[in-house]
Structures are given as C-alpha cells and as structure tokens.
Amino acid sequence: MLNIILFGPPGSGKGTQAAILKEKYGLEHISTGDLLREERTQKTPLGLEAQRFMEQGLLVPDAVVIGMIGNKLDEKLAQVNGFIFDGFPRTVAQAQALDQLLADKHTAIKGVLALQVSEDELLKRLLQRGLTSGREDDRDAEVIRKRISVYNNSTIPVLDHYGAMGKSLCVNGEGSIEDISSALSHAINSLG
Ligand code: AMP
C-alpha cells in the first residue's frame, strides 16, 4: 500500500495538494480537519466536544482523533491502494498510534512529505482563505498565530519521529500549484 502523510503548517496547501495526489495515485484522502468539521456540522457529541478546541486554534485531544482515524481505516482499508493523511498525525502520540493501527493491518507509512512555507506567507494565505472558506478559525489573526505556534511546538516533532526512520522528505511549498504537485510526485516516486 502507498500510505503517505502530507505534512505542513496550516495554510501550507495540504488540502489542495492531497486532492490532486489522491486522484493521481488512487488514494483515499483522510483529513482529520474535514472529518471534525463534518462531526461539528452534524452536532454529534464528538463534534461538539471538538468545537471548543477548534475555535481556539488548539488541538482536539489525541484519543478523540485517534478513535476517529481507527474507524475510518477499518471502513476503507479493503477498498483502496493506500491513504493520504492530511492534518494527521499532529502529535507524536498520534503518530505512534497510527503506526500501530497500520502495523495491525500489516502495512505502514511509506513517506512523509513536508511542505515548506514561510510564516509570513502562511499568515497571508490563511487570512485570504478566511474571506471565502467560511472557516471562523481562518478569520482571526490571533487564532491563526495560535495554530502556527501549536504546529511548531506539538506537530514538528512528528517529522523527527518519521525522520528517524528515514521516511521524511521536505518539498518547497511556495510556487504554483502545478509546480508543487509535480515536486510532490517526484518525491513520492522516489520512495520506491
Ligand atoms: P485543519 O483543517 O487540518 O487545519 O484542522 C482544523 C482544526 O481541527 C485544528 O486547528 C484542530 O483544532 C483540529 N484538528 C484537525 N486535525 C487534528 C489532529 N490530527 N489532532 C488534533 N486536532 C486536529
């Protein structure tokens, strides 16, 4: 299976690029942000709990997110070539849980592609996205800064976790959508 983590800070283009790579490689796209927003729209207990964290730019507790991913893997595993994870894992505990869930299914993460984008560019892109995305967390510069700082403190260590296994690759996340997706495809093809 081709299981890829598309890694990067908020606003680095993970969602846009995952949608392209999903088609190209026939992967199932799993975005925990999208799954959580759907739960919130449906007003499920999980969605209502997650809401409190999301509106402040904080991470939803690991147990909630890991449970959600476990269900999704069980549901889709038999039907797909692999998964592209977007916005997950965001903590080392989530990465360890994902590794275990995949190992139980006799598969593993093949590579982590980390999109590199400067902080000024992220802030600009997110505020711009806030004009049209309907996402409250993209409209408030304070919440955006909080999300970037949570990324720097809690999520960057995930890259080291996979780096230690020789699975992390950095890709320039600035430029045209086509150039970035072509750089990502090269990186995927180099995974062997
Ligand atoms: P995203 O759409 O990936 O930017 O996620 C939006 C918000 O959902 C984040 O700011 C978090 O509050 C929450 N979230 C998404 N994915 C995760 C995750 N893997 N772990 C914890 N919280 C998450």
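Because the structure is predicted, anything quoted here is derived from the model rather than measured.

Moving on: helix H1 (residues 14-25). With twelve residues, H1 should reach 16 Å at 1.5 Å per residue; the first-to-last C-alpha distance of 16 Å fits that figure. Taken together, the buried residues of H1 touch strand S1 (4-7), strand S2 (28-31), strand S3 (83-86), strand S4 (111-116) and helix H8 (177-189). Gly26 sits one or two positions beyond H1 and adopts a positive phi of about 65 degrees.

Under the defined criterion, the tally for this structure stands at three aromatic pairs. Here the aromatic rings of Phe7 and Tyr151 are separated by 5.8 Å at their centres, their planes lie at 50 degrees, and the arrangement is tilted. Placement of Phe7 in strand S1 and of Tyr151 in helix H7 (residues 141-163) is noted, with a sequence separation of 144 residues between them. By relative accessible area, Tyr151 is classed as buried at 9%. What links up through ring pairs into an aromatic cluster is the set Phe83, Phe85 and Phe88.

Parameters at a glance
Residues numbered from 1 in each chain as written. Predicted model: local features only at pLDDT ≥ 70, side-chain atom pairs only at ≥ 80, totals over all residues. Heavy atoms only, no water. Helix = DSSP H or I, 4+ residues; strand = E, 2+ residues; numbered from the N terminus. Expected span 1.5 Å × (residues − 1). Contact = heavy atoms within 4.5 Å. Phe/Tyr/Trp six-rings, centres within 6.5 Å; stacked < 30°, edge-to-face > 60°. Buried < 20%, exposed > 50% of the residue type's maximum accessible area, 1.4 Å probe, protein only.

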